[in-house]
Amino acid sequence: MVIIPRTGDIGNFEVRRALPFRKKRMVGPFIFWDQMGPGEFLTGEGIDVRPHPHIGLSTVTYLLDGSIDHKDSLGSDIRISPGDVNLMTAGSGIVHSERTGADVRENRSNLFGVQSWLAQPESHENGAPSFHHTSKAELPGFSEGGLQGRVILGDYLGLKSPVTTQWETIYVD
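This report concerns the structure included in the present document. (Residues numbered from 1 in each chain as written. Predicted model: local features only at pLDDT ≥ 70, side-chain atom pairs only at ≥ 80, totals over all residues. Heavy atoms only, no water.)

1. Quick notes on the sheet that holds strand β13 (residues 147–153)
Then, in step 1: The sheet built from three strands is open, its strands ordered β12-β13-β16 with antiparallel pairing. Edge strands, defined here as strands with exactly one partner in the open sheet, are β12 (141–144) and β16 (171–172).
Then, in step 2: Strand direction decides the pairing type here: β13 and β16, joined by two bridges, are antiparallel. Of the residues in β16, the one forming a bridge with L153 is Y171. (Pairing = 2+ DSSP bridges. Helix = DSSP H or I, 4+ residues; strand = E, 2+ residues; numbered from the N terminus.)

Below, the structure written as C-alpha cells:
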C-alpha cells in the first residue's frame, strides 16, 4: 500500500499527515503521523501552535533540524533539539503549546521533524497526564549493515530505548 500524505499549512509552515489514511487508519498504536517541514523561517518568524488540549493519546516529537519550545499544563518548559525525544502522555487531559523560541527568531532558522501520535490503551485513557524529555545522548545508537541510527522507541538489535510507552512498538531513526 502506498500512503500519500495530505499537506496542511499551520501558518507559513507545511505539515504532511500520513496517518490516518483512508485505507489505513492506524499502524500499530500510531494514529497520526505528521512530518513537519523541512522548512525555513525568516528572521522574526517561527511556529506558534497556541495552547490546546489533548486527551487519551500520547505524542512523540522527534526533530532532525531546528528546535521547538514545549510548554504544558504540568509545568514542563523545555526546548527540543535535533535527536531529542519528547513524549507527552495526555491521559485524562493536558494542555500544551509548541513555539519557536524568541532567541531562535533573532535569525533565520529551519525546522524538520516528525510528530507521531499514539492511541493510549483503553485502560490508560483516563490516567494521569505526563511529560518526559529524553536527550539525544540518552538514546542508544547502532551501526548495522552500513546504516547508523538511534532507537527512539522500543527494542532494536538488542538495544532498548529509555523512552517507555504504554504499547509495545518500535521507532528507529
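2. Focus: the sheet that holds strand β9 (residues 94–99)
In sheet architecture, strand pairing relies on hydrogen bonds along the backbone and comes in two forms, parallel and antiparallel.
Then, in step 1: The sheet built from four strands is open, its strands ordered β4-β9-β6-β7 with antiparallel pairing. Each edge of the sheet is formed by a strand with only one pairing partner; in this case those strands are β4 (48–54) and β7 (77–80). Pairwise comparison of adjacent strand axes, ignoring direction, gives a mean angle of 20° for this sheet.
Then, in step 2: The pairing of strand β6 (residues 68–72) with β7 spans four bridges and is classified as antiparallel. Opposite K71, over in β7, you have D77 as the bridge partner. (Axes fitted to C-alpha atoms, helices over the stretch in contact; angles between N-to-C directions.)

3. Looking at the pattern of salt bridges
Then, in step 1: Counting across every chain of the model gives six salt bridges.
Then, in step 2: A salt bridge links R150 to D173, with the shortest nitrogen-to-oxygen separation between them at 3.9 Å. Of this pair, R150 sits in strand β13 while D173 is found in the segment after β16, placing the two residues 23 residues apart along the sequence.
Then, in step 3: Owing to a relative accessible area of 35%, D173 belongs among the partly exposed residues under this scheme.
Then, in step 4: Here the residues in one salt-bridge network are D69, R79 and D103, joined through shared partners. (Salt bridge = Lys/Arg side-chain N within 4 Å of Asp/Glu carboxyl O. Buried < 20%, exposed > 50% of the residue type's maximum accessible area, 1.4 Å probe, protein only.)

4. With respect to the nonpolar core
Then, in step 1: Grouped together as the largest cluster of nonpolar side chains are 12 residues: F30, V60, Y62, V85, L87, V114, L118, L139, I152, L153, V163 and Y171.
Then, in step 2: Counting residues per element, the ones that place at least two in this core are β5 (57–65), β8 (85–89), β10 (109–119) and β13.
Then, in step 3: If near-sequence neighbours (up to four positions away) are discounted, I152 is found in contact with Y62, V85, L139, S161, V163, Y171, V172 and D173.
Then, in step 4: Counting seven residues, the second-largest nonpolar core is a separate cluster that includes M36, I47, I80 and L111. (Core = buried A, V, L, I, M, F, W, Y, C linked by side-chain atoms within 4.5 Å. Contact = heavy atoms within 4.5 Å.)

5. As for the pairing of β9
Then, in step 1: Where β4 meets β9, five bridges bridge the pair, whose relative direction is antiparallel. What sits directly across from D48, in β9, is R99.
Then, in step 2: In terms of strand pairing, β6 meets β9 through four bridges, oriented antiparallel. If you follow D69 over to β9, its bridge partner there is R99.

6. As for unusual backbone geometry
Then, in step 1: For the peptide bond that leads from G37 to P38, omega is 10°, which places it in the cis range.
Then, in step 2: The residue P38 is located in strand β3 (residues 30–41) in this model.
Then, in step 3: Its identity as a non-glycine residue notwithstanding, L157 has a phi of 55°, on the positive side.
Then, in step 4: If you trace the backbone, L157 turns up in the loop between β14 (155–156) and β15 (159–160).

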